[in-house]
Amino acid sequence: MGTIPTEAIEQIAAANDIVEVIGSYFPLKRAGANFKALCPFHQEKTPSFHVSPQRQTFHCFGCGVGGSVFRFVMDYEHIDFPAAVHKLAARVGIPVVEKGGAIIDEDRERAVRRRLLQLHAEAAEWFHGNLIKREFATPARKYLKERGITAEIAKRWQIGYAPDEWDAFGRWARDRGYDPRDLVASGLVKTKDDAVDAPSRSAYDRFRGRIIFPICNDVGEVIAFSGRLLKDEEGAAKYLNSPETPLFRKGKVLFGLDKTKRALIEANCAIVCEGQLDLISLFEAGITNVVAPQGTAFTEDQARVLKRYVNEVVLCFDADVAGKKAAERSLEALLQNDLIVRVAEMPAGEDPDSLIRRKGRKEFEKRVATAQAFFDYWIESEVATSDLNSLTAKMQLARKLGETVSRVRDPLMRGEIVSQMSARLGVSPADFETLVPRQKSEGFSGSQGLRSQASPAPRHEIAMLCLLALRDGEARDFLHGQNWREILAQVPDAEILVCILESELRPSDAASLNAFMATLSATDEGLVSSWLLQKVPPNAGTMVGKWWLGIRQAVLRRHLEVAKNQIKLPGLTTGAVVNLQKEILDLQEQLHELSPARKADS
């Protein structure tokens with residue numbers, strides 16, 4: 001991945017009005033020159049979330065979060081900075097060309113993506129129209145009705161039907177002017193020159209005779225499809241998904257996330273089920289903090305996406321051998337992302353969809369509430385099929401359990417699990433611990449790791465100098481005219497002021513401020529956003545000199561105190577004493593020169 005140039009970040013910030021961007025997520029109310037709302041990042045009854053159209057920043061005086069338009073999108077959508085930049089760039093039609101990344105034709109890639117998104121959107125409408133209106137979809141409507149899917153639900157999820165014909169979709173798309181190459185690139189059409197049942201035709205529909213579920217990205221754009229057979233057929237997969245395309249990477253997408261992400265954040269828990277119908281049934285029954293992987297087991301990428309929203313996962317896979325295996329295969333990816341994992345067992349022969357239709361929402365919620373911690377569930381499952389009276393079987397099981405425990409990164413959780421497992425196996429925790437492979441340490445390097453560490457707010461003088469360096473051009477010029485690097489290197493909490501002075505931000509340019517804030521940690525960005533909402537003192541020129549003088553005096557006093565303590569040390573040579581005396585006199589003279597009375601006389 002390359003680096004996004006500062007000029008591009010400023011251009012994107014300038015084109016995205018923060019009031020419009022935040023207002024597209026939830027309503028804002030004008031409050032004088034600014035706008036206010038209930039903070040979306042913590043619970044509150046009185047609005048403390050402020051948005052400044054002049055500074056193009058936001059800040060919550062309740063929880064302290066704040067920053068640029070990029071920070072808001074990052075925190076609200078739970079995405080990283082590059083993704084926020086690309087999302088805001090796409091919103092205003094600005095191409096993003098990264099330095100040092102792969103050399104690509106940016107315009108061509110964006111044009112291909114636009115065509116494929118349009119094709120998928122129109123294909124979803126066509127499939128849905130078939131289901132609702134066409135005679136040949138009668139069996140599909142009947143099947144969905146039996147599964148509790150009404151016409152209203154089908155419309156909300158844009159469920160469709162692909163006719164059981166060789167080239168129905170392909171003909172329709174070509175008639176609408178779509179290039180056959182785009183149809184193949186989308187995965188909706190396949191090519192097979194040696195097709196036995198259609199020797200004269202080389203292209204045919206991927207989805208035929210199936211109920212169609214659109215798969216969306218996190219902002220609700222259709223990027224792929226999943227098709228389900230009405231009846232099980234020998235040799236045919238019950239579910240068929242779109243292949244990997246420029247829009248769709250199966251292992252990175254969670255079905256339903258575009259509709260459920262806010263509920264996930266609020267619950268801080270994700271209910272994970274296997275199929276689209278399971279998820280839709282749960283969602284329509286009012287259980288909205290739910291997602292489904294594209295397949296049966298979680299990938300690392302899917303777990304990483306889920307960690308942005310929740311800290312806990314409840315697996316609700318089918319009550320069969322395949323469901324158990326899927327839960328086990330999901331475990332490693334979930335544990336690697338420090339997610340707490342529980343398992344809600346379904347009754348024999350049931351899945352979440354059938355359970356909620358047969359027993360109702362309360363019964364399902366009861367099973368989720370009483371879901372076992374994964375390792376409790378797994379120990380019981382493994383012990384039930386092992387002969388613990390056999391030393392060989394016991395050692396094999398202990399090694400297997402130890403290997404899985406090694407994937408738990410949180411030391412407290414790992415300790416608890418070791419205690420549980422050793423007790424269940426009838427061995428000492430120390431003996432069991434020897435079977436747990438040691439993890440490789442995962443350090444971090446570079447500025448990104450450093451930025452993630454929280455920074456305390458600086459002292460008043462530093463904070464006021466930060467405010468002036470951000471807001472007042474003349475004050476900023478004054479500070480740049482001082483030997484600020486040398487002085488601030490001796491001030492322990494001045495890192496943020498150094499960062500502000502080192503930057504090329506322009507106080508009167510909101511886009512420049514946004515680009516600068518994009519380089520900060522979330523904590524520092526919150527500090528800067530609070531300073532940007534404060535009033536600048538009317539006598540900024542005088543005040544910047546006063547506060548800078550205070551900083552210089554504090555540095556000199558600290559040096560003077562150190563020198564006075566050193567000269568008291570026993571065993572000093574005559575030369576060392578003389579040098580310290582000279583240093584003390586010099587520091588006292590410098591402080592005298594900087595005293596307000598001295599300045600008044602001169």
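These numbers were taken from a predicted model, which means no experiment stands behind them.

A. Inspection of the overall build of the chain at higher detail. Secondary structure summary: the chain contains 29 helices and 17 strands in total. Relative to its full complement of 602 residues, the chain shows a buried share of 47%. Within the chain, residue pairs in contact and separated by at least 24 positions form 66% of the contacts whose partners lie at least 6 positions apart. Surface accessibility of the chain: about 30,500 Å² in total, with carbon and sulfur atoms responsible for 51%.

B. Fine view of the pairing of strand 14 (residues 290-293). Because side chains alternate across strand 14, one face comprises the buried residues Val290 and Ala292, and the other comprises Val291 and Pro293, equally buried. The sheet contact formed by strand 12 (residues 254-255) and strand 14 spans 2 bridges and is antiparallel. The partner of Leu254 across the bridge, within strand 14, is Pro293. Where strand 13 (residues 269-272) lies against strand 14, 2 bridges are found, and the strand directions are parallel. Looking across to strand 14, one finds that Val272 is bridged to Val291. Regarding the hand of the β-α-β motif, the stretch spanning strand 13, helix 11 (residues 276-284) and strand 14 is right-handed.

C. Spotlight on helix 16 (residues 374-384). Within helix 16, 8 of the 11 residues are buried, which leaves the element mostly enclosed by the surrounding structure. Residues Phe374, Phe375, Tyr377, Trp378, Ile379, Ser381, Glu382 and Val383 constitute the buried set of helix 16.

D. Focus on the sheet that holds strand 3 (residues 49-52). As summarised here, the arrangement of the 5 strands in space is 1-2-3-4-5, forming an open sheet in which the pairing is antiparallel. Strands with a single pairing partner mark the edges of an open sheet, and in this sheet they are strand 1 (29-31) and strand 5 (66-67).

E. Representation of the packing of helix 21 (residues 460-471) against helix 27 (residues 540-567). Two elements in contact, helix 21 and helix 27, have axes whose closest approach is 10 Å; the angle formed by their N-to-C orientations is 140°. Judged by the twist between their axes, the crossing of helix 21 over helix 27 is left-handed. Counting all contacts with helix 21, which are made through His460, Glu461, Ile462, Met464, Leu465 and Leu468, the residues of helix 27 involved are Ala540, Met543, Val544, Trp547, Trp548 and Ile551. Here the residues of the contact of helix 21 with helix 27 sort into 10 nonpolar, 1 polar and 1 charged.

F. Layout of the sheet that holds strand 15 (residues 312-315). One open sheet holds the 6 strands; their spatial order is 12-14-13-15-16-17, and the pairing between them is mixed. Where the open sheet ends on each side, the last strands, each with one partner, are strand 12 and strand 17 (372-373). Direction of pairing for strand 16 (residues 340-343) relative to strand 17: antiparallel, over a ladder of 2 bridges. The residue bridging Arg342 from the neighbouring strand is Ala373, located in strand 17.

G. Region of interest: the side chain of Gln276. Position of Gln276 among the secondary structure elements: in helix 11. Gln276 gets classed as buried once you look at its relative accessible area, which sits at 6%. Once residues lying within four places of it in the same chain are set aside, the contact partners of Gln276 are Phe213, Ser226, Tyr239, Asn241, Phe255 and Gln294.

H. Examining the packing of helix 21 against helix 26 (residues 522-532) more closely. Where helix 21 contacts helix 26, the two axes come as close as 9 Å, and the packing angle between them is 70°. The angle between helix 21 and helix 26 places the two elements in the roughly perpendicular class. The segment helix 21 lies against helix 26, with Ala463, Cys466, Leu467, Leu470 and Arg471 engaging Val528, Trp531 and Leu532. The residue makeup of the contact of helix 21 with helix 26, split by class, is 7 nonpolar, no polar and 1 charged.

I. Examining the pattern of salt bridges more closely. On inspection of all chains with the given rule, the structure shows 24 salt bridges. Between Arg485 and Glu502 there is a salt bridge, with its nearest N and O atoms 3.0 Å apart. With Arg485 in helix 23 (residues 484-488) and Glu502 in helix 24 (residues 495-502), this residue pair connects regions lying 17 residues apart in the sequence. Take Arg485: its relative accessible area is 52%, and that puts it in the exposed class. What you see here is one network of salt bridges that share partners, running through Glu10, Arg506 and Asp509.

J. Spatial organisation of the pairing of strand 10 (residues 222-229). With respect to burial, strand 10 is a largely interior element, 8 of its 8 residues being buried. Examined bridge by bridge, strand 9 (residues 210-216) and strand 10 share 7 bridges and lie antiparallel to one another. Pairing of Ile215 across the sheet is with Ala224, part of strand 10. Between the antiparallel neighbours strand 9 and strand 10 lie 5 residues, among them Gly220 with a positive phi of about 90°. Judged from the 3 bridges that link them, strand 10 and strand 11 (residues 239-241) form a sheet pairing that is antiparallel. Of the residues in strand 11, the one forming a bridge with Gly227 is Leu240.

Definitions and cut-offs
- Residues numbered from 1 in each chain as written.
- Predicted model: local features only at pLDDT ≥ 70, side-chain atom pairs only at ≥ 80, totals over all residues.
- Heavy atoms only, no water.
- Helix = DSSP H or I, 4+ residues; strand = E, 2+ residues; numbered from the N terminus.
- Buried < 20%, exposed > 50% of the residue type's maximum accessible area, 1.4 Å probe, protein only.
- Contact = heavy atoms within 4.5 Å.
- Areas by Shrake-Rupley, 256 points an atom, 1.4 Å probe, with all protein chains shown as cover.
- Pairing = 2+ DSSP bridges.
- Right-handed = clockwise from strand over helix to strand, strands pointing away.
- Axes fitted to C-alpha atoms, helices over the stretch in contact; angles between N-to-C directions.
- Left-handed = near helix turned anticlockwise from the far one by under 90°.
- Nonpolar A, V, L, I, M, F, W, Y, C, P; charged D, E, K, R; others polar.
- Parallel < 35°, antiparallel > 145°, perpendicular 65-115°, else oblique.
- Salt bridge = Lys/Arg side-chain N within 4 Å of Asp/Glu carboxyl O.

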